[in-house]
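# Fold and contact review
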Amino acid sequence: PFVYNEDSNIHLNNLISKDCLIHNLQIVEFIKKNKIDTIFYTQRANYPHPEDVYFSLIKVKKLVRELHFIGVTPIYDPSSTIFQKAFGVEGKFRNRVGVENDYFAQKFAATDINYIDVYHLFCETKSRCINRKEKVWLFADGNHLSRAGVNFVKDYVWSEIHSKIH
């Protein structure tokens, strides 16, 4: 996750390594040095302190004209053992993702950060989701979109961005 603090010696919630904090500071310096205009941000779910990300992005937004946060897609945990696969035990989607998306949607609604929820494209409910469309896999692994997955969401994301800036 993008957690940003000017003091790279601080380990926020002891979950972010010093190297990660330093890398994020380097990203902020790059934004400042290159006068970046627009940022597109997304992250993997399951960081237990989304408020760290929220406050970090609020700080970063002050440096750019536009910041678009593309919500987290569902995370699929496939069957893990050969026995589960042999007996047709299917994997499952993690419920935490929907909770994180709800948190970010609510928090960013009161800001000028454009939060784009894509979760509903994959899930009818927080636990009923798809990982294939017309027999094509939408994920390259548990949480990274395949090329087909990117194509599945891209028109929606662009239309949401376009509606916010025009």
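Residues numbered from 1 in each chain as written. Predicted model: local features only at pLDDT ≥ 70, side-chain atom pairs only at ≥ 80, totals over all residues. Heavy atoms only, no water.

### Description of the overall build of the protein chain
Stated formally: Going along the chain from the N terminus, every DSSP run of H or I of four or more residues is numbered as a helix, and every run of E of two or more is numbered as a strand. Note on exposure labels: buried denotes an accessible area under 20% of the residue type's maximum, exposed denotes more than 50%, and partly exposed covers the range between, all computed with a 1.4 Å probe on protein chains only. Contacts were defined at the residue level, with two residues in contact if any of their heavy atoms lie within 4.5 Å. Only the protein chains shown count as cover for residues, and all accessible areas are computed by the Shrake-Rupley method using a 1.4 Å probe.
Within the protein chain, the secondary structure is distributed over six helices and seven strands. Counted from the first residue to the last, the protein chain has its helices and strands arranged as α-β-α-β-β-α-β-α-β-α-β-β-α. For the protein chain, with 166 residues in total, the buried portion stands at 39%. Across the protein chain, every contact between residues at least 6 apart in sequence was considered, and the portion connecting residues at least 24 apart equals 64%. Taken as a whole, the protein chain presents about 10200 Å² of accessible surface, with 55% of it coming from carbon and sulfur.

### Brief notes about the state of the cysteines
Stated precisely, the cut-off is as follows: Note on terminology: pairs of cysteine sulfur atoms within 2.5 Å are recorded as disulfides.
Per the counting criterion, the structure on display carries one disulfide. Cys123 shares a disulfide with Cys129; S-S distance 2.0 Å. Taking the sign of the S-S torsion, about 105 degrees here, the bridge from Cys123 to Cys129 comes out right-handed. Under the relative-accessibility criterion, Cys123 is labelled buried at 7%.

### Re the pairing of strand 2 (residues 66-70)
Put simply, the test is: We treat two strands as partners when DSSP finds at least two bridges between them.
Burial within strand 2 is extensive, with five of its five residues counted as buried. Residues Glu66, His68 and Ile70 line one face of strand 2 and the alternating positions Leu67 and Phe69 line the opposite face, and both faces are buried. Sheet topology note: the strand 1 (residues 38-41)/strand 2 ladder contains four bridges and is parallel. Residue pairing for strand 2: Tyr41 is matched across the bridge by Phe69. Relative to strand 5 (residues 114-116), strand 2 runs parallel, the two being bridged by three bridges. Note on strand 5: the bridge partner recorded for Ile70 is Ile116.

### Observations regarding the sheet that holds strand 2
Going by this rule: Axis lines are fitted through C-alpha atoms, for helices just across the contact stretch, and the angle between N-to-C directions can take any value from 0 to 180 degrees.
If you walk across this open sheet you meet the three strands as 1-2-5, and the pairing is parallel. Both outer strands of the open sheet, strand 1 and strand 5, are each paired with one neighbouring strand and no more. Here the strands of the sheet are splayed against their neighbours by 15 degrees on average, with no regard to which way each runs. Where helix 2 (residues 50-61) meets the sheet, it contacts strand 1 and strand 2, and its direction lies at approximately 155 degrees from that of strand 2.

### Observations concerning helix 6 (residues 147-165)
Test applied: In this analysis, the expected span of each helix is defined as 1.5 Å times one less than the number of residues it contains. Here the bend at a residue means the angle between the axes of two seven-residue stretches, the one that ends at it and the one that starts at it.
A rise of 1.5 Å per residue sets the reference length of helix 6, with its 19 residues, at 27 Å; its end C-alpha atoms lie 26 Å apart and thus fit the reference within 8%. By the largest-angle criterion, Val153 marks the main kink of helix 6, which is about 35 degrees. Considered for burial, the residues of helix 6 that qualify are Gly149, Val153, Val157 and Ile161. The secondary structure elements touched by the buried residues of helix 6 are strand 1, strand 2, strand 5, helix 5 (119-122) and strand 7 (136-137).

### Observations concerning unusual backbone geometry
For Lys35, which is not glycine, the phi dihedral falls at a positive 50 degrees. For Lys135, which is not glycine, the phi dihedral falls at a positive 65 degrees. As for its placement among the helices and strands, Lys135 is situated in the loop between strand 6 (132-133) and strand 7.

### Describing the side chain of Gln43
Put simply, the rule reads: Throughout this description, a polar contact denotes any pair of N or O atoms lying within 3.5 Å of each other; where both atoms belong to protein, one of them has to be capable of donating a hydrogen while the other can accept it, and for residues adjacent in sequence the pair is counted only when both atoms sit in side chains.
For Gln43, the position within the fold is in the loop between strand 1 and helix 2. A distance of 2.5 Å separates polar atoms of two side chains, one belonging to Gln43 and the other to Tyr41.

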